[in-house]
Amino acid sequence: MINRTMTAVLHRMAAQYPVVTLTGPRQSGKTTLAKACFPNHAYANLEQPDLRRLAHDDPHGFFVRFPPPVIIDEIQRVPDIASYVQAAVDKNRRAKGQYILTGSHQTDLHQTVSQSLAGRTALLRLLPLSLQEVATLGKLPDADGLIWKGFMPTLHDESIDPTAYYRNYFQTYVEKDVRQLLQIRNLNAFERFMTLLSGRVGQVVNLSGLSGETGVSSTTLGEWLSILESSYIIFRLHPYFANIGKRVTKSPKLYFTEVGLAAYLLGIENPSHVTRDPLRGGLFENMVIADLLKTRLNQGCDPGLFYLRDDKGFEIDLLVKQGRSLMPLEIKSSMTFNPDFIKPIRVFCEREKEARAPALIYAGEALPDVHGIRCVNYSNAHTLLTPSPLTQ
């Protein structure tokens, strides 16, 4: 089993709360992690039709069969069962870690938690493997190899062709979930939409433009985009504009939670395709930002990740808000340092009094600080973020 960085945080939360809710995309390793951390818990998967029917029709009978401590997978499939968890927890609030709940659709889970388990559960989000976790398995592949292969645990645990894996993942999970939630009839248009999104990683998405290319209304595309975000297929990086100025972009940029899926949708079938692809820079940026998001979540922290762009074209790729400080980061796929890479960071640090610990993340070797700016290889980008006390 791959050692997951979140293990310490999960144990700590289970020692403090009666319920821990672990969310994240399908196949990201939620069940494996929960079972490894709590081997003596009972286990029920609500994706199984018979258990789903039992939980829905006879919840008391369900908990006789699966008494706490218990791991319940895909809790959003029978959201009403959370009310029974609440009742059981309220009878004995001193018992901790009795219910480990997992789910892969954050909107449904949020409704379930806010209605029944508020104040009773810790919320954690597990994404696919981080660069730090992949590195524990041996020599880290180069950037192009990582973009092609992606970070799903199965791909690093077993000998599976990434192209075949993502084809099946897309057809089995992405289309299935979206069908269930939106009852999409025109799958060709949806697949076209997904391919167009993969070509826009790191960009502000123009739904009106995509509407013209897919033949689907921008309103419908907005609904599809929200479902993709709720299912952890994509995430949005929101702009930072507090105390910076009013004339800044206020639309979010789009990234894929799993860069390997984006590469698959672009038709990339091996690392050499990545090397030659005109979107390589965007895919590299996607990989790095997703990895920093994983780092923050694995620490048990809120993401606190933003970007900055004003109406004159000035842009910072990533701002990390930690407390009152703002860490400006530039991300470049080049292996060769260029002084132009750090110019935006220097300007930002001169303008913003809360700027701290600026850094360049690129594909080259770590360098001594340049004008007070750290230059680190992407594989060590996680070291830039302050660890949470929960991980100590």
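Quick summary incoming for the structure in this document. The structure displayed is predicted, hence computed values, not measured ones. (Residues numbered from 1 in each chain as written. Predicted model: local features only at pLDDT ≥ 70, side-chain atom pairs only at ≥ 80, totals over all residues. Heavy atoms only, no water.)

### So, the sheet that holds strand S10 (residues 315–322)
Here's step 1: In spatial order, the strands read S6-S8-S7-S9-S10-S11-S12-S14-S13; together these nine strands make up an open sheet with mixed pairing. Each edge of the open sheet carries a strand with a single partner, namely strand S6 (203–204) and strand S13 (367–370).
Here's step 2: Relative to strand S11 (residues 325–332), S10 is paired through five bridges, and the arrangement is antiparallel. Residue Gln322 lies in a different strand from S11, and its bridge partner there is Ser325.
Here's step 3: Packing against the sheet, helix H13 (residues 218–230) makes contact with strand S7 (234–239) and strand S8 (253–256), and its axis sits at approximately 105° to S7.
Here's step 4: Where helix H17 (residues 343–351) meets the sheet, its contacts fall on strand S9 (305–309), S10, S11, strand S12 (359–362) and strand S14 (373–377), and the angle it forms with S11 comes to roughly 165°. (Pairing = 2+ DSSP bridges. Helix = DSSP H or I, 4+ residues; strand = E, 2+ residues; numbered from the N terminus. Contact = heavy atoms within 4.5 Å. Axes fitted to C-alpha atoms, helices over the stretch in contact; angles between N-to-C directions.)

### Observations concerning the packing of aromatic side chains
Here's step 1: One pass over the full model with this rule turns up 13 aromatic pairs.
Here's step 2: For the ring pair Tyr165 and Tyr166, a centre distance of 5.2 Å and an interplane angle of 85° mean the geometry is edge-to-face. The two residues Tyr165 and Tyr166 agree in class, both being buried.
Here's step 3: The interplanar angle of 20° and the centroid separation of 5.6 Å between the aromatic rings of Phe235 and Tyr255 together place this pair among those described as stacked. With Phe235 in strand S7 and Tyr255 in strand S8, the pair connects residues that are 20 residues apart, well separated along the chain.
Here's step 4: Take Phe235: its relative accessible area is 11%, and that puts it in the buried class.
Here's step 5: Ring-pair connections join several aromatic residues into one group, and the members of that group are Phe62, Phe63, Phe66 and Tyr99.
Here's step 6: Of note, Lys35 hangs over the ring of Tyr43, and the distance from its end group to the ring centre comes to 3.9 Å.
Here's step 7: Residue placement shows Lys253 over the ring face of Tyr307; its charged tip is 4.6 Å from the ring centre. (Phe/Tyr/Trp six-rings, centres within 6.5 Å; stacked < 30°, edge-to-face > 60°. Buried < 20%, exposed > 50% of the residue type's maximum accessible area, 1.4 Å probe, protein only. Lys NZ or Arg CZ within 6 Å of the ring centre and 35° of its normal.)

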